[in-house]
Structures are given as C-alpha cells and as structure tokens.
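# Structural description and commentary
Take a look at the letters that make up each chain.
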Amino acid sequence: MEEILLNKSREKIILLGNEAIVRGALEEGVNFVSTYPGTPASEIGDTFFRIGKSAGVYFEYSTNEKVALEAGIGASFSGLKTLVAMKDFGLNVCLDALLPFVYTGSKGPTVIIVADDPSCYSSAQSEENTRGLSLVARIPTLEPSDPQECKDFVKLGFQISEKFKIPVIVRTTTRVAHQRMPVILGKIQSSKSRIQKGKFIKEPKRFVTLPPRVLEMKKELLEKIEKIREFSEKNKINSTPRGSASEGLGIITSGISYLYVMEALKELNLDLPVLKLGFFYPLPEKKIKNFIRSFKKVLVVEELDPYLEREIERLAKDVNRNLKVVGKESLPEVGELKPEQVILALARFTNKKYQLPTVKYQIRAPERFPQLCPGCPYWFVFAAVKKAVDTKKVIFGGDIGCYMLFGLPPLNIQDYLSCMGSSVGIAHGIKKATGQKLITFIGDSTFFHSGIPALINTVFNKSNPLIIILDNQTTAMTGHQPHPGAPQDNKPIKIENIVRACGVKNLKVIDPINQKEFVTAIKEFLEKKEISVIIARRPCIWIKK
Amino acid sequence: MDKKVNQFNILIVGTGGQGQITLLQILAEAALFEDKEIKTSELHGLSQRGGSVEVHLRFGKEIYSPLVSQGKADLILGLEMQESLKASYFANSKTNFLVNKYIVPIPFQKPLSEDEILKILKKFSKKVTLIEAANICQKEFGTSVVAGIYLLSLASFKKLIPLKPVSILKAIKKIIPEKYLELNLKTFKLAREA
C-alpha cells in the first residue's frame, strides 16, 4: 500500500505539497476528482490516477481545465464531494464556467486547487497571480504556506464549501506545491461513511443562471461573502499575532512569504508581531484593522502584485491615517520572493544593519538551456523542417509542450508563442493578414485541449497554414499523462479522423523517422491554396510500450 | 551544523536526470528518522528537461523556509562541476563543496576545464573536495547512475552531513524501488570503504 493511504492518525510522513492536498481531500472523503495536468499542479492528478481506485474515488484527466471544472460542477450539483485541480493558466481557460458556478454555488462541497508559478519555472506564457481572478470571481480563496497547511486548508476549504454552499479555491505556488515536510496525518473516512452515488435533484431556481434570477443570485453571493468574512474573522488560519509591538512596527504576510518572514525575524534576531493571513478572499477586515490600529509602520510581504498592500492602505484610512504601509517599494513585483530579499527588506524596515554572508567574487557560469531528450521524435520533425524550407523565409508558430524548446538554441525556429492551442488561431490571423508562408506546431494533447475550434475556424474562414500536429501519444511535458488519442486507452480517438471531419483535404500521417517522405510532404503542402495538416506520429521515448 | 541556530542547509545541484529529487527524498527521510524538522524544495516540468536542476533541503529546529538563503549553505553536493559553480551563490567561506568530478558539456559551448572550475570554487571556500564518483561507480558497477548515492553516502561517512550513516541506509531502503535497491546498497557500502 502507498504511504499516502496509511490510515494512522497522528503519524508523521513526508509529503510533497501536492500530495498533502490529495491526503487532505481523502481525509475529508472526496468522491469526484478531475484535472488537466500542468506544472506545478500535476502531481495532484497523478497521485489520484495511481490511488483513485483503491481509495474509492472517481478520477479523470479531462480534455482541458474548463471541461474538468464543468465535470466537477455536475458532480457537485449531484451532491458529490468534488476536487478540481489545475495550474494558473487553467483557471483562465475555465473562468467562463467558474463565475456562474460561484453564483449558483456548490451542492456537494467543492474545492478548486490552483497552482501559480512565480518566476515562470514551468510557465511559458505569463507570470500570473490567481489572487486577481479570485477577486473577479468573488470566490473564497485560501493560501497555504507549507504541506501541512495544504492538507489542513483543503479540509477547511471543504468545510467552508459545505457550510456556505460555495466553491472554494486553495491557491498554491511552486514553492508550496513542490515543498516537502513531515505532515501529521488524520483519519481517512471509510468508504462506507461516504456517499456512494450522487443524485441530481431538480432545483432550477438554484442551478439555472437565467435573467432576472441571475441578479438575485449576485445579491445572494454578496451577502454570502459577508457571512464568510465574519467566519474568517474568527478562524485560526488568520493568525493571532504574537511578538512585541513596542516599536510600533508590524508585519502582514501570507502563503510562502510567511515562511521567509519567520526566517528573516530569526536571522535578524527580531521579535515583531506578524499577522499571517490564511484567507486571501474575503479578507478579515476587522482583524487587520485591529492589528494596524496602533502602528507607525507596517511591512507587507507578498509575492507579485500588491493586492494585500492596497487593501491595507484602504483599511488604514478608517483606523490609522498616519500609518506608513511598506510593500512593493521594498520588494520586487516580478519573480518569486527569495528568503534573502525578505531579510534585507526587514533589515531596512527596522533600520538594522545586515550583511549577507556571501563571498564577494563575480563568476560567469555557462548557461544551460533545457533540451529535447536524446532520441526524442521531435528532433526528426525539426530535421525535416530544416531540410524542406529556408527557415528565414517561413514563419514558425509555437504552442505549449516540449516542442516549445524549438524556440531555444540550437534550434531557434519559433516566431510566436502564446497560450494552449493558440498557435493555430494566430496562424490563421497571420495568413489572412499577410499571406506569408507559415508552419505551425501543436502537440497532440494541446490539440485536444483547445486546438480543434481554431482548426475549424481556419477551414471555415479559409486560410492555408501548414499545421504539423506532433503526436507523441502522451502529455509528455507534465509527466506523461494519457489523453483521448493515446493508444493506452481502449478506444483512442484518432486525430486524423477529427482533422478529416473538420474538412481538411490535405492530410498526411507520417512517422518523422521517414525523413524523405516528411520533407516531400512539407514542400508539397506549403504550396497548397487550402489548409494542410501533417500528423507526425512517433511515441515519446519515455512511454511504456 | 550551525550550533547557534541549530539548522543545516544543503543544496544538491546538477543537470536534469541526475536523480536530485531521489537524493532529496532520501535525505529528508533520514532526517525524519532523527526527529528533525525538515523543509525541501524542488522543481518539476519543463525546468527538468536536461537543464540546470538545483534542489534545497534544510533540517534542524525551527525550520520555516524551504529555500536556502544566499550565502547560507553548509554543504553543496555537486553532481556536475559547472553546475557546482552556479551554486556558489549559496556559499560562504565555510561551505563544504563535495563535487563529482564530472562534466556534462553544453551544446555549442566550450566547457570550462576541471582546473578552472576548481580554482574558482576555492575562491569561495577552502573546503572543496573533488570525488571521482562517476568514474568509480562506472568502474565498479558499469553505470554512473548511482554517483549521487555514492556522494551522499560519502558525505555522511565523512561527517559532512550531521546525519548518521545508518539513517541514510534506512532511508535508501525506504525510498529506492526494490528493483534498484541492491545496486544502491552496494554503492552505499563502497562509499563506506572509501
């Protein structure tokens, strides 16, 4: 049996943040889990994929995050305890489904995990901060700092959802999701004590967001949020600060930043009061006002955008007009925080002299870019493209997957890159605007995720890019999760059947190891007046046959 | 171990696929056997594909941050020489460098020579030890895949990590899958005899 299923209360086991999220959901008796893989959230789905059956939990890799959330909404409407997990960009994809879900509210308690990636270690498109979207959607949002809190906050998230009938986001970041520590286990609910099967009971007033009802729902939501704010005022995940307030100084922080604050206090031998906020939305405003009431200065330590800082400035107007709020003037808005940055910011804040214990010596170490694996089928695709065309005279579209590495040395064929599935839609726009020759790459899982509507648009509105679908028969970059076209499935959905059904006439399926055939096809298709598609099919070297 | 603050900070650096996360798991379990507080940090996904991989582990008392601060590493375990150079960001003049004498070339770049790297590392700390871990493992077992386990075991036998070798051994048995366990146990033994 896997250790994560160990049913021993009080036992300590080392868990990754993402595994602790799984454990928390199991302890709460989750029934239904859906996800689309994305770093840094992937291990949540991967763990459920491994243990779901033995834990009696339904699990699916959905085709994209919107579908994953919609599946979760259906399960919740049917009374099941539901978890949906994704990376930050996934929330953009499913925002359309999220907003009405916050209006209707959940029936079965529902927690949505969203993992941000400050510093973009595994995120090509933008440095996102999900907290902004929490405000847009008005969805209660909790921010754990470490794996123990990942487990505890997921459990609390389910409890809030159950009590207030509203979905709850638990927002992590890379350094929380991929942090390990010993976590104290609780009891896993036995499968007998959990709901076995959902039942959808007709309640149109609750589940149909049709005007004029939709505006009543909005009003009900605003009232609900104020009740949750009251709940958050009393909840212990917003800490009761200790430390000496005699200097008139205090610190407010949340998430991973809290851990750096505690290290910095230790390093500088300081004893300042720290208010740690477990709730990002709704904020416990009374608690914050009480905290800042008598201070001269408060340091706000948060990653990326100054959401807390702005709120604290607003609240200070009511209770302490002379309060100096120090935040982004002392800490960066771009990139994740580093513990040494927080030590230095705190030293400045308290006028303490501090020298980092580093050795002053400048080195120039060679930069090492990530590479396609040796033997990767994409090398053959790249080689064929190089042979077939003058790469200076053709535009190359990129998309999200291992083949993004086409944009790095030594390959360097990528002229634009945006979000999942966008390579095809943008290709169509460029073709319409310019008529220049264009080849765009899209992976198999990305094609299923969001490439298909753009392909249909290209056929419908008639432009002629050459689309090369890189079919390595797995979702490789995030850890080889299956997808609808993967042969591991009993009845895979063949990409060529979809492409053909969309009305594409120029279509070839080629194993890129057959270079001559591949080169000829590229040359031939680039001259076509209508859209053409090559499916480059060869499995990823890491797939178990 | 910094006695005053009672914490120990380790960085393991190398290139993607050298087993940094496995070494991290072994160290974390070994520290848990000795009842320490532990925090680790690692990266997954695109950042792993043959690029630089740096993982952090901290244990002792009152451990909050999963990341080691600049200049605060007690031990830098280098699985590749050029990557060890980058980790000097975390070094102070007392940091121990235990480095695999092994270079993974970067395509289209002339690698720095072993001598150059050693010279630069010594500007940071006098305590730099180069070990032929990859060569020794290749010669003994026909594979250098266990070079990291060799270095880690050696660090515990040489008391460069304040964890008992027996805890490391117990952790290896817990973390390494059955199929590879014998090879790893042999590697541990080889480090003991070194």
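Just so we're clear, the structure is a prediction, and the values are computed from it rather than from any experiment.

This part covers the overall build of chain A. Looking only at helices and strands, chain A features 18 helices and 19 strands. Counting only C-alpha atoms and orienting by the principal axes, one finds that chain A spans roughly 80 × 65 × 50 Å. Within the span of chain A, comprising 545 residues, buried residues form 52% of the whole. Sequence separation of 24 or more characterises 79% of the internal contacts of chain A that already satisfy a separation of 6 or more.

Time to look at the overall build of chain B. A tally of regular secondary structure across chain B gives seven helices and six strands. Relative to its full complement of 194 residues, chain B shows a buried share of 55%.

Below, the discussion takes up the interface of chain A and chain B. If you look at the interface, chain A gives 37 residues, while chain B gives 43 residues. Looking at the side of chain A that touches chain B, the elements that each hand over two or more residues are β8 (179-184), α10 (255-267) and α13 (339-349) of chain A. In the side of chain A that touches chain B, the residues fall into 22 nonpolar, eight polar and seven charged. Sheet topology places β8(A) next to strand β2 (residues 37-41) of chain B; two bridges connect them, and they run antiparallel. The residue bridging A:Gln179 from the neighbouring strand is B:Ser41, located in β2(B).

Residue and element names in this part refer to chain A. In this structure, proline 40 follows threonine 39 across a cis peptide bond, with omega equal to 10 degrees. As for its placement among the helices and strands, proline 40 is situated in the loop between β2 (32-35) and α2 (42-55). A positive phi angle, near 70 degrees, is found at arginine 10, a position not held by glycine. You will see that asparagine 351, though not glycine, has its phi angle at about 55 degrees, which is positive.

Residue and element names in this part refer to chain A. Spatial ordering of the open sheet is given by β15-β14-β16-β17-β19-β18, a layout of six strands whose pairing is parallel. Either end of the sheet is taken by a strand with one partner, and the two such strands are β15 (416-417) and β18 (506-510). Pairing of strand β14 (residues 395-398) with β15 involves two bridges; the strand directions are parallel. Among the inter-strand pairings, glycine 397 is bridged to a residue of β15, identified as tyrosine 416. Those strands touched by helix α16 (residues 444-460) are β16 (438-443) and β17 (466-471), and its axis lies near 95 degrees from that of β16.

One ladder, built from five bridges, connects β18(A) with strand β19 (residues 532-537) of chain A; its direction is parallel. For A:Asn506, the partnering residue across the bridge sits in β19(A) and is A:Ser532.

To continue, consider the packing of helix α11 (residues 285-292) of chain A against helix α12 (residues 307-319) of chain A. All names here are of chain A. Where α11 contacts α12, the two axes come as close as 10 Å, and the packing angle between them is 65 degrees. Classified by the angle their axes make, α11 and α12 are roughly perpendicular. In the crossing of α11 with α12, the sense of the turn from one axis to the other is right-handed. Of the residues in α12, those in contact with Glu285, Ile288, Lys289 and Ile292 of α11 are Ile312, Leu315, Ala316, Asp318 and Val319.

Another point: the sheet that holds strand β10 (residues 274-276) of chain A. All names here are of chain A. In spatial order, the strands read β10-β9-β12-β13; together these four strands make up an open sheet with parallel pairing. At either end of the open sheet lies a strand with only one pairing partner, and these are β10 and β13 (324-326). In this sheet, adjacent strand axes meet at a mean angle of 20 degrees when their direction is disregarded. Pairing geometry for strand β9 (residues 249-253) and strand β12 (residues 297-301), over five bridges, is parallel. Residue leucine 249 lies in a different strand from β12, and its bridge partner there is lysine 297. Packed on one face of the sheet, α10 meets β9, β10 and β12 and runs near 145 degrees to β9.

Let's shift gears to the confidence of the model for chain B. A residue-level look at chain B finds 95% of positions with pLDDT of 70 or above and a mean pLDDT of 93. Here the prediction assigns the complex a pTM of 0.97, and the interface score ipTM is 0.96.

Before going further, it helps to spend a moment on the domain arrangement of chain A. Looking at the assigned domains, one finds that chain A contains domain 1 (3-234), domain 2 (249-349) and domain 3 (377-537). Each of domain 2 of chain A and domain 3 of chain A has a C-alpha centre, and the two are 47 Å apart.

This part takes up the environment of A:Leu26. All names here are of chain A. With respect to the helices and strands, leucine 26 occurs in helix α1 (residues 17-27). With 26 C-beta atoms packed within 10 Å, leucine 26 lands in the buried category. A C-alpha to C-alpha distance of 7.9 Å links leucine 26 and alanine 55, two positions 29 residues apart in sequence. Not counting the four nearest positions on each side in its chain, leucine 26 is found in contact with Ala55 and Ile188.

Next up on the list: the environment of A:Lys386. All names here are of chain A. Inspection of the secondary structure assignment puts lysine 386 in helix α14 (residues 377-388). Taking the C-beta count within 10 Å as the criterion, lysine 386 has 13 such neighbours and is therefore assigned partly exposed. In this structure the C-alpha to C-alpha distance between lysine 386 and methionine 217, which are 169 residues apart in sequence, comes to 57 Å.

The rules behind each value
- Residues numbered from 1 in each chain as written.
- Chains lettered and ligands numbered in written order.
- Predicted model: local features only at pLDDT ≥ 70, side-chain atom pairs only at ≥ 80, totals over all residues.
- Helix = DSSP H or I, 4+ residues; strand = E, 2+ residues; numbered from the N terminus.
- Buried ≥ 20, exposed ≤ 12 C-beta atoms within 10 Å, placed from the backbone.
- Contact = placed C-beta atoms within 7 Å.
- Nonpolar A, V, L, I, M, F, W, Y, C, P; charged D, E, K, R; others polar.
- Pairing = 2+ DSSP bridges.
- Axes fitted to C-alpha atoms, helices over the stretch in contact; angles between N-to-C directions.
- Parallel < 35°, antiparallel > 145°, perpendicular 65-115°, else oblique.
- Left-handed = near helix turned anticlockwise from the far one by under 90°.
- pLDDT = per-residue confidence, 0-100.
- Domains from an automatic or database assignment.

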